[in-house]
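# Understanding the architecture of this molecule
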Amino acid sequence: MEPFTTEAHRYRCTLPLAGRSNDTDKDDSGQVAEDDQADRAWRRPVQNAPAEDDGTTEKPGFILNQEPYRNAEILIADDNFGCGSSREHAPWALLDFGIRCVIAPSFADIFNNNCYKNGILPIVLPKEQVDILLQEAADAENPTFTIDLEKQEIHRPVGNEVFKFEVDPHKKHCLLNGLDDIGQTMERKGRIDDFEGRQKAAEPWLYRDGEAA
């Protein structure tokens, strides 16, 4: 998992996506639920919206096909973002498009947890602040924001007040260090190897050809 660093996410185009209860069943996750995770070239966060009926020709009126939003890495949304199915394909769709941060007043619980497991930072802000960000992202010619996870700050377009946000310390550590569930396990590899060494010496019958049975 790619670490979430301030240097990597300093100046990023921001996509405003207003509308309550943004439903994960409206993205393309359902159509690729059985596809191999490594083959996710579709990169289409909203079902059928970026392309015409032929599936390849871009719809010029769709926001993700327009500059500068086609390069967006921050998504600003409304209440209850990520509701719908609990498939992990929902954050995969955002991540494959390039989104590394979603800002909203609230998130569906399962979607929120899946974001952290895949390197996406979900930020909860008061509705009033989200509305301000939505307006700024829509009005600015090149809407760029800085997400400083270390300081837990959102730096808005030039001259505006910095917004602070809360994040669980452990989840913050994992994002900053690029640690998914496997990465967290590998952080303890030394202790695991030590345990297995002691167990192998004390209970060799548990091991076959040097490996655990």
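Only a predicted model underlies this, so the values are computations on that prediction, with no experimental measurement involved. (Residues numbered from 1 in each chain as written. Predicted model: local features only at pLDDT ≥ 70, side-chain atom pairs only at ≥ 80, totals over all residues. Heavy atoms only, no water.)

Applying the stated criterion to the full structure yields 3 aromatic pairs. Seen in terms of ring centroids, Phe-81 and Phe-107 are 6.2 Å apart; in terms of plane orientation they differ by 80°. Their pairing is edge-to-face. With Phe-81 in the loop between strand 2 (74-77) and helix 1 (89-97) and Phe-107 in the loop between strand 3 (101-104) and helix 2 (109-117), the pair connects residues that are 26 residues apart, well separated along the chain. The exposure class of Phe-81 is buried, given its relative accessible area of 6%. Given a relative accessible area of 9%, Phe-107 falls into the buried group. Between the aromatic rings of Phe-107 and Phe-111, the centroid separation amounts to 6.4 Å while the plane-to-plane angle is 15°, which identifies the pairing as stacked. (Phe/Tyr/Trp six-rings, centres within 6.5 Å; stacked < 30°, edge-to-face > 60°. Helix = DSSP H or I, 4+ residues; strand = E, 2+ residues; numbered from the N terminus. Buried < 20%, exposed > 50% of the residue type's maximum accessible area, 1.4 Å probe, protein only.)

Bringing helix 2 into the picture now. Of all the positions in helix 2, only Phe-111, Asn-112, Asn-114, Cys-115 and Tyr-116 are classed as buried. At its buried positions, helix 2 is contacted by helix 1, strand 4 (121-124) and helix 4 (169-177). Once helix 2 finishes, Gly-119 follows within two positions and takes phi at roughly 85°, a positive value. (Contact = heavy atoms within 4.5 Å.)

Glancing now at the pairing of strand 4. Here strand 3 pairs with strand 4 via 4 bridges, running parallel. Following the sheet pairing, Ile-103 is matched in strand 4 by Ile-123. Handedness of the β-α-β unit built from strand 3, helix 2 and strand 4 comes out right-handed. (Pairing = 2+ DSSP bridges. Right-handed = clockwise from strand over helix to strand, strands pointing away.)

In this section: the pairing of strand 3. Burial along strand 3 is two-sided: the residues Cys-101 and Ile-103 and Val-102 and Ala-104 are all buried. Pairing between strand 2 and strand 3: 3 bridges, direction parallel. Bridge assignment links Ile-74 to a residue of strand 3, and that residue is Cys-101.

As enumerated under the stated definition, the model contains 8 salt bridges in all. The salt bridge involving Lys-117 is made with Asp-181; its shortest N-O contact spans 3.2 Å. With Lys-117 in helix 2 and Asp-181 in helix 5 (residues 181-186), the pair connects residues that are 64 residues apart, well separated along the chain. Sharing partners across several salt bridges, the network here consists of Asp-78, Lys-127 and Asp-131. (Salt bridge = Lys/Arg side-chain N within 4 Å of Asp/Glu carboxyl O.)

A few words now on the confidence of the model for the chain. Low pLDDT marks regions whose predicted coordinates should not be analysed in detail. The predicted model of the chain has a mean per-residue pLDDT of 79, with 74% of residues at 70 or higher. Counting contacts from residues 28-48, a segment whose pLDDT is below 50, to residues more than four positions away or on other chains yields 40 contacts. (pLDDT = per-residue confidence, 0-100.)

In terms of nonpolar packing, the biggest core is built from 22 residues, with Ile-103, Leu-121, Ile-123, Leu-125, Ile-147 and Ile-154 touching the most fellow members. Mapped by element, the contributors of at least two residues to this core are strand 2, strand 3, strand 4, helix 3 (127-139), strand 5 (144-148) and helix 4. Per element, the largest residue contribution to this core is 4 residues, and it comes from helix 3. The contacts of Ile-123, once residues within four sequence positions are left out, are Cys-101, Val-102, Ile-103, Ala-104, Phe-107, Ile-147, Ile-154 and Phe-165. Formed by 20 residues, the second largest nonpolar core is a distinct cluster that contains Leu-75, Cys-83, Ala-104 and Phe-107. (Core = buried A, V, L, I, M, F, W, Y, C linked by side-chain atoms within 4.5 Å.)

Take Arg-156: it is sitting in the loop between strand 6 (153-155) and strand 7 (163-164). There is a polar contact of 2.5 Å between the side chain of Arg-156 and the side chain of Glu-136. A polar side-chain atom of Arg-156 sits 2.9 Å from the main-chain carbonyl oxygen of Glu-161. Each residue touching Arg-156, except ones within four places of it in the same chain, is listed here: Ile-132, Leu-133, Glu-136, Thr-144, Phe-145, Glu-161 and Phe-163. (Polar contact = N/O pair within 3.5 Å; in protein donor to acceptor, adjacent residues only side chain to side chain.)

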